[in-house]
Amino acid sequence: SQLFRNEEGLRFADVTDSVGLTDHYASGGVWADFNQDGYLDFASTSYDGDGRGDSLMKNHQNQRFMRVNERAGDIADDIPSLSAAWIDIDGKGFPSLYVEKHTEQGGYYNRFWHNSAGYFAEGDPELSAKAAEIIIQQHFANPNNWDELKESRMYSAPLWADFDNDGLMDLFVTSPYENERRHLFRNNGDGSFTDVSFLSGVWKYGSWGYSCGDLNRDGLLDLVVGGRIGTKILYNVTNTPNKSLFIKPVWQDGEIMLLDDPALYPQHPNSPAFGTRVAVTLTMPDGSQNTLVRELNSTFGNFSQNALELHFGLGQATSWNVERVNNEED
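This one's a predicted model, so the numbers in the text were calculated from it and none came from an experiment.

Engineer: Give me the lowdown on the pattern of salt bridges, citing residues and values where you can.
Structural biologist: Pairing between side chains of opposite charge can happen when their charged atoms approach one another. Applying the stated criterion across every chain yields a total of four salt bridges. For the salt bridge of Lys-58 with Asp-37, the shortest nitrogen-to-oxygen distance reads 3.6 Å. Taken together, the positions of Lys-58 in strand E5 (residues 55-60) and Asp-37 in the loop between strand E3 (28-32) and strand E4 (41-45) put the pair 21 residues apart, joining distant regions of the chain. According to the relative accessible area criterion, Asp-37 is partly exposed, its value standing at 29%. A salt bridge links Arg-217 to Glu-309; the shortest N-O distance between them is 2.7 Å. Here the residue Arg-217 occupies a position in the loop between strand E15 (209-213) and strand E16 (222-226), and Glu-309 occupies one in the loop between strand E21 (289-295) and strand E22 (310-315), the gap between them amounting to 92 residues.

The following block contains the structure:
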């Protein structure tokens, strides 16, 4: 694996050795701050089942990356992995990890690793510029109450999205195999999921890449699916009173703007502010509050890209507040 740091003047510097990734093997990876210390960590996936499995790599103050499987949760199972995606499944700010396995031979289940916000404290001079530095990790577990997500024989990048605007992230997965179907799991909000593949109409054969966006501007996320049977557009016709909000982060005159009016989007077609994180705090009818955080990314999974807008399902919120979440460098 190699890591390239973005320098000024559209230049990239190879910092693989200096950050401790010289001997790190991976076939892919996804970024997230899984312990809420303000630094981007990553989880790497491995197609190699010979002892070099998936890894949780903690960012130590932008100086080095450390493999913390033994302390934060051993997500390596010696089963080839193809893709992964982070998701803050319970709205506590600690992203959990969904990993899709290579299931062509059967018997390999996809894994959902729940980030329960447990932590360890350890000082290690070999891993830190400060010998007495306290290192905080999160604990990842594979709980039984998410067994619904352990479908086998799926083989593509997971897509987390709120398809019914209730403020909870649902899961869409698929397979390129000729006799395998797409699946949609609805988030019930209590730590469980319901397979609504057949009732929702997505239960079709064979797909590889896919992405989502509000194609007809009705406030619901639609799907574009590509595969052996050709490209299909699946309009979301869910009948729901839940509201939604779309925000497009763009660059203008060196500043990041948050556009919440789709009528303005065509004026900024090629200036997405990738990496922008936006938090929307909802006030519900009973007075309770809930905060949703989204980040604008470029591509994901198998050469796919969602619409360059951030989608927030508002449920029955009576009011909401939007703010940009500053990065460490801001």
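Engineer: Kindly report on the sheet that holds strand E12 (residues 170-173), identifying the contributing residues and their values.
Structural biologist: The pairing of strands in a sheet happens through backbone hydrogen bonds and is either parallel or antiparallel. One open sheet holds the four strands; their spatial order is E11-E12-E13-E14, and the pairing between them is antiparallel. On the outer flanks of this sheet lie strand E11 (159-161) and strand E14 (193-195), each paired with one strand and no other. Between one strand axis and the next, the sheet turns through 25 degrees on average, direction left out of account. Direction of pairing for E11 relative to E12: antiparallel, over a ladder of three bridges. Across the sheet, residue Ala-161 finds its bridge partner in E12, namely Asp-170.

Engineer: I'd like a rundown of the nonpolar core, residues and numbers included.
Structural biologist: If you look at the biggest cluster of nonpolar residues, it comprises 16 residues, and the most contacted ones within it are Leu-159, Phe-163, Phe-172, Leu-184, Cys-212, Leu-221 and Leu-223. If you look at the next biggest cluster of nonpolar residues, it comprises 14 residues, including Ile-75, Ala-84, Leu-97 and Trp-113.

Engineer: So what's going on with the sheet that holds E15? Which residues, and what values?
Structural biologist: Pairing in this open sheet of three strands is antiparallel, and the strands run E15-E16-E17 from one edge to the other. For this open sheet the edge positions go to E15 and strand E17 (232-234), each flanked by a neighbour on one side alone. Within this sheet the neighbouring strands show an average axis-to-axis angle of 20 degrees, counted without direction. As paired strands, E15 and E16 are joined by five bridges and run antiparallel to one another. Bridge assignment links Tyr-210 to a residue of E16, and that residue is Val-225.

Engineer: With reference to specific residues and values, describe the pairing of E22.
Structural biologist: Counting buried residues in E22 gives six out of six residues, a clear majority hidden from the surface. One ladder, built from five bridges, connects strand E18 (residues 243-252) with E22; its direction is antiparallel. From the neighbouring strand, Lys-243 faces E22, where its bridge partner is Gly-315.

Quick notes on the rules
- Residues numbered from 1 in each chain as written.
- Predicted model: local features only at pLDDT ≥ 70, side-chain atom pairs only at ≥ 80, totals over all residues.
- Heavy atoms only, no water.
- Salt bridge = Lys/Arg side-chain N within 4 Å of Asp/Glu carboxyl O.
- Helix = DSSP H or I, 4+ residues; strand = E, 2+ residues; numbered from the N terminus.
- Buried < 20%, exposed > 50% of the residue type's maximum accessible area, 1.4 Å probe, protein only.
- Pairing = 2+ DSSP bridges.
- Axes fitted to C-alpha atoms, helices over the stretch in contact; angles between N-to-C directions.
- Core = buried A, V, L, I, M, F, W, Y, C linked by side-chain atoms within 4.5 Å.

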